[in-house]
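Here is what each chain is made of, one letter per residue.
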Amino acid sequence: MEMNGGNGTRVAFVGSECYPFVKTGGLGDVMYALPRALVREGSEVRVILPLYACISQKYKDQMTWKGSFMMDLTRDGGRFFVGIMELTMNGVIYDFIENREFFDWGNPYTGLWEDIPKYCFFSKAALAALNYLDWVPDIVHCHDWQAALTPVYLRTQFAPTPVGSARSVLTIHNLRFQGICGIEHLKHWSGLPAELFNYDVFLNGDHEANMFKGGLTYADRVTTVSETYAGEIQTDFYGEGLNSHLSYHRAKLSGIVNGIDVEQWNSSADSMLPAPYGREDVLARKAENKLALQRRLGLQEDPGRFMVGLISRLTDQKGLDLVNAVFDRIVEDGTQAVVLGTGDPRYEGAFRRCEEAYRGQVSACIMYDESLSHLIYAGADALLVPSLFEPCGLTQLIAMRYGTVPIVRETGGLKDTVAPFRPESGDGNGFTFDHYRADLLLDAVCRARDVYYNRRDQWNGIILRDMEKDVSWTHSASQYLALYQELKAL
Ligand code: ADP
C-alpha cells in the first residue's frame, strides 16, 4: 500500500519494553517514540510486546482478543500457548503476546535463568503471531538481547513461511546485557538446530551460549544508538567481549542517534511544572521552578544558587564513582545538588550520606518518580551525566530541551549530542571532559559554575541554544527509513 510520499513501509518492532505499558530505561522510550515518528512519515508499524502481568489494567481493558494457537518451542518438542491481544494508539498497533507461564510474574525481568526461556519463547512467538495475523512486514526491527533470537528464527525455522520474506534489523541499546547462559539451556529452550551452536553464532567460549551474538550474526543490519558507540563497541574497552565479533560484522553495523518525544517533553506545556516556560521566558521562569524544587525538597530557597541535578539508574555504567569521589569539592562553595535514582545499594547509601552531611544543600531522592524528574529537568541549572559508557543517553537530550546545561563525559551518544562550550566563541551545548577521571569531572563542573556566576550572558546563550537544538525523532526516523528502503531493495 502506498502512503504519504510513497513510503508505506511495513515494520514490526519486537522488544521487551515500551512506554507507557512497561519501561525500565531508555529502550522503553525508543520503543514508544520511534514507531510514532515512523507512522507520521507514512509507515505502517506494529509493536510486538510481552503481555506482562505488571501492565496496568487501564491498558488491558482497551485490548481486544485476536486469537490464539499452540507453538512448538523446546528441543524435546514442548508446545506453548500463544495468545494475541491488540490495541491501537496514535496510529501504532500494539500486539501483546500472552502466555501466563512466562509473563505472569516479574517486573518485567526476573533473573537470567528464567529470562532466557521467556525471551526464547517471545522471540519466536513474535514471528508466529505475524504469520497468524497474516501481516507480513518488510522489516522486522528487533531490539536488544531479549529479541535477538528473532533474526535467527526468521532465517531458519520461519524461512519457508510468509514472514520469512522480511529483512531484519537488530538494534543494540546496551551491549552490557547479552543473554548469556549454559549451552544446553539455550539449546533446549530455543529448539534451534545444533549446528548453530558454533563460534560464529551462539558460542561464547567452550561453556556458554550468547543470544545477542547469534542475533548479530543473523540480522541483515545491526544498528546502535549513536555513531560514536558504534565505533566504541568494536574496541576492547567498550566491546563487552563481543568487539571482535562486531568488528567482523562492521559492514552491516551503523549508528543512528536517538531522539526524544518532544510532545512528552515540552517545557511550555508540561502539566508537571509549576511554571511552564518556552524560549521567550525561560530565564525568568526557570528560577520559579528552581524555587518550587528547593521548597519541595527542603533545600535553602535561593534561586540564584547554582544547582546541579543527576537523574539516573544508580549503576556502575553511569559514572557515579567519579561523582562520589569529588562530591565534597562539588558542593564546597554552596552549590546545591539533587540526585534522583535507584539501583546499586552502594550508590544509594553514598548519596544518602551526602544528604545527611549537607542538609538543606543536597537532596538524595532514592526513588523512581516521573513528576519529580520533570521538576529537576526544569529547575536545575546543570545536569551531570559522567557515564563510563553511554550508548546514547536520553537525560542530556531532555535537559537541553528544558534549558538545563549538560555536563557530560565525551563517550557514546553524549559525545555525539553535546558540543563542548568554547569560551573564545561562546558556542557549544554544555561542558564536557574526556578521560574517565574524577578530577576532570570536577574541572568541568567548576568551569560550568564559573560561567554561570561570572559570564551570565554566555550561560544564557547556552540555555537558549540548547532549547533550540533539534532533539526530536524527525531526523533519526528518516535515517531508519532510509535503512529500511535499502534493505527492501536487496
Ligand atoms: P538508561 O536507558 O541507561 O537508563 P537513558 O538516559 O537512555 O538511560 O534513559 C533514562 C530514562 O529514565 C530517562 O527518561 C530518565 O528521565 C528516566 N529515569 C531514570 N531514572 C529515573 C528516576 N529515578 N525517576 C524518574 N525517571 C528516571
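Cut-off values and rules
- Counting restarts for each chain, with residues numbered from 1 along the sequence as it is written.
- Local features in a predicted model are, by the rule used here, given only for residues with pLDDT of at least 70; side-chain atom pairs are given and counted only at 80 or more, and totals for whole chains, interfaces and linings are based on all residues.
- Side-chain numbers here rest on the full set of heavy atoms in the structure, without hydrogens or water.
- Whether a residue is near a molecule or strand depends on its heavy atoms: it is near if one of them lies within 4 Å of it.
- Whenever a nitrogen or oxygen atom comes within 3.5 Å of another N or O atom, the pair is scored as a polar contact, on the condition that within protein one atom can donate a hydrogen and the other can accept it, and that pairs from neighbouring residues in sequence are kept only if both atoms are in side chains.
- Computed by Shrake-Rupley with a 1.4 Å probe, the accessible areas treat only the displayed protein chains as cover when residues are assessed.
- Under the convention adopted here, Pro, Cys and the residues Ala, Val, Leu, Ile, Met, Phe, Trp and Tyr are nonpolar, Asp, Glu, Lys and Arg are charged, and Gly plus all remaining residues are polar.
- Boundaries of every domain are those given by an automatic assignment or by a domain database.
- Counting from the N terminus, the helices are the DSSP runs of H or I reaching at least four residues and the strands are the DSSP runs of E reaching at least two.
- What counts as an axis is a line fitted to C-alpha atoms, over the stretch in contact for a helix, and the angles between N-to-C directions run from 0 to 180 degrees.
- Orientation labels follow simple angle bins: below 35 degrees gives roughly parallel, above 145 gives roughly antiparallel, 65 to 115 gives roughly perpendicular, and whatever is left gives oblique.
- If you view the pair so one helix is near and one far, a crossing is left-handed when the near helix is turned anticlockwise from the far one by less than a right angle, and right-handed when it is turned clockwise.
- Any pair of residues with heavy atoms lying within 4.5 Å of one another is described as a contacting pair.
- Buried area: the sum, over both parts, of the accessible surface (1.4 Å probe) that disappears when the two are put together.
- Salt bridge, as applied in this entry: a Lys or Arg side-chain nitrogen positioned within 4 Å of an Asp or Glu carboxyl oxygen.
- Partly exposed describes any residue whose relative accessible area lies between the buried limit of under 20% and the exposed limit of over 50%, with all areas from a 1.4 Å probe on protein chains only and scaled to the type maximum.
- The aromatic pairing rule takes the rings of Phe, Tyr and Trp, using the six-membered ring of Trp, and pairs them if the centres are within 6.5 Å, calling planes under 30 degrees apart stacked, those over 60 edge-to-face and the rest tilted.
- Cation placement over rings: the criterion is NZ of Lys or CZ of Arg within 6 Å of the ring centroid and within 35° of the ring normal.
- Between any two strands, pairing holds if DSSP finds at least two bridges.
- By convention a crossover is right-handed if, when the strands point away from the viewer, the path from the first strand over the helix to the second runs clockwise.

## Quick look at the site of the ligand
Within the structure, the ligand sits among 19 residues, and Gly26, Arg313, Lys318, Tyr377 and Leu394 are positioned closest to it. A distance of 2.6 Å is found between an oxygen atom of the ligand and a backbone nitrogen or oxygen belonging to glycine 26. Considering the ligand on its own, with 570 Å² of exposed area, one finds that the protein chains cover 92% of that surface. A class-by-class count of the residues in the shell around the ligand yields 7 nonpolar, 7 polar and 5 charged. The two domains that each donate at least three residues to the shell around the ligand are domain 1 (6–259 + 474–488) and domain 2 (267–468).

## Focus: the environment of arginine 346
Mapped onto the secondary structure, arginine 346 falls in helix H12 (residues 345–357). Sequence-wise, arginine 346 and glycine 83 are 263 residues apart; in three dimensions their C-alpha atoms are separated by 41 Å. Reaching out from arginine 346, the side chain makes a polar contact with the side chain of tyrosine 347 at a distance of 3.1 Å.

## Examining the packing of helix H4 (residues 112–133) against helix H6 (residues 183–190)
A packed helix pair is summarised by two numbers, namely the angle formed by the two axes and the spacing between the axes. Running from amino to carboxyl end, H4 crosses H6 at an angle of 30°, the nearest separation of the two axes being 9 Å. The angle between H4 and H6 places the two elements in the roughly parallel class. Handedness of the crossing formed by H4 with H6: right-handed. Facing Trp113, Ile116, Pro117 and Cys120 of H4, the residues of H6 in contact are His185, Leu186, Trp189 and Ser190. Residue composition of the contact of H4 with H6, by class: 6 nonpolar, 2 polar and no charged.

## Observations regarding unusual backbone geometry
One can expect most non-glycine residues to show negative phi and most peptide bonds to be in trans. Cis geometry is found at the peptide bond from tyrosine 19 to proline 20, where omega equals 5°. Take proline 20: it is sitting in the loop between strand S1 (10–14) and helix H1 (26–40). One non-glycine residue, asparagine 90, lies in positive phi territory at about 50°. Tracing the backbone shows asparagine 90 in the loop between strand S4 (79–89) and strand S5 (92–98). Even without a glycine there, the phi angle at aspartate 134 is positive, about 60°.

## Some points on the domain arrangement of the protein
Domain annotation of the protein identifies domain 1 (6–259 + 474–488) and domain 2 (267–468). Look at where the C-alpha atoms of domain 1 and domain 2 centre, and you get two points 33 Å apart. If you look at the interface, domain 1 gives 19 residues, while domain 2 gives 16 residues. Across the interface of domain 1 and domain 2, roughly 1,400 Å² is buried in total on both sides, 58% from carbon and sulfur atoms. Of all residues in domain 1, the largest losses of buried area upon contact with domain 2 belong to Arg176, Thr228 and Tyr238, amounting jointly to 27% of the total for that side. At the junction of domain 1 and domain 2, the tally comes to 0 salt bridges. At the boundary of domain 1 and domain 2, one finds 9 residue pairs in polar contact (both at pLDDT 80 or more). Ranked by residues supplied to the side of domain 1 that touches domain 2, first place goes to helix H8 (residues 227–232) with 4 residues. Along the lines of polarity and charge, the residues of the side of domain 1 that touches domain 2 split into 5 nonpolar, 8 polar and 6 charged.

## Concerning the pattern of salt bridges
Counted according to the given criterion, the structure contains 30 salt bridges. Between aspartate 369 and arginine 296 there is a salt bridge, and its shortest N-O distance comes to 3.6 Å. On the criterion of sequence distance, the pair formed by aspartate 369 in the loop between strand S15 (362–365) and helix H13 (370–379) and arginine 296 in helix H10 (residues 282–297) is long-range, its members being 73 residues apart. Put simply, aspartate 333 and arginine 449 hold a salt bridge, and the shortest N to O gap is 3.1 Å. One end of the pair, aspartate 333, is in the loop between helix H11 (320–331) and strand S14 (336–340); the other, arginine 449, is in helix H16 (residues 438–454), and 116 residues separate them in sequence. Looking at arginine 449, the relative accessible area reads 10%, which means it is buried. Each of Arg46, Lys66, Glu86 and Asp95 takes part in a single network of salt bridges with overlapping partners.

## Notes on the packing of aromatic side chains
Taken as a whole and assessed by the stated rule, the structure comprises 32 aromatic pairs. Pairing tyrosine 277 with tyrosine 402 gives two aromatic rings, centres 6.5 Å apart and planes at 90°, and the pair type is edge-to-face. Within this pair, whereas tyrosine 277 is found in the loop between strand S12 (253–255) and H10, its partner tyrosine 402 is found in the loop between helix H14 (395–401) and strand S17 (405–409), the two being separated by 125 residues in sequence. Tyrosine 402 carries the same exposure label as tyrosine 277, and that label is buried. We note arginine 46 situated over the ring of tryptophan 135; from NZ or CZ to the ring centre the distance is 5.1 Å. For the cation-ring pair, arginine 456 lies above tyrosine 452, with the distance from its terminal atom to the ring centre recorded as 4.0 Å.

## Some thoughts on the pairing of S5
For S5, a buried count of 6 out of 7 residues is recorded, marking the element as mostly surrounded by other parts of the structure. Judged from the 5 bridges that link them, strand S2 (residues 44–50) and S5 form a sheet pairing that is parallel. Bridge pairing in S5 places proline 50 opposite isoleucine 97. Hairpin connection from S4 to S5: 2 residues lie between these consecutive antiparallel strands, with asparagine 90 at a positive phi of about 50°.

## Points about helix H7 (residues 211–218)
Burial analysis of H7 places 7 of its 8 residues in the buried class, the great majority of the element. For H7, the set of buried residues is Met211, Phe212, Lys213, Gly214, Gly215, Leu216 and Thr217. Where H7 begins, one side-chain oxygen reaches toward the backbone nitrogen of phenylalanine 212, 3.0 Å away; that side chain belongs to asparagine 210.

## Description of the pairing of S1
Most of S1 sits out of view: 4 of its 5 residues are buried. Note: S1 against S2, 5 bridges, orientation parallel. Considered in S2, the bridge of phenylalanine 13 is made with valine 47. Handedness of the crossover joining S1 and S2 through H1: right-handed. Strand direction decides the pairing type here: S1 and strand S6 (residues 139–143), joined by 4 bridges, are parallel. Within the sheet, the bridge partner assigned to valine 14 lies in S6 and is cysteine 142.

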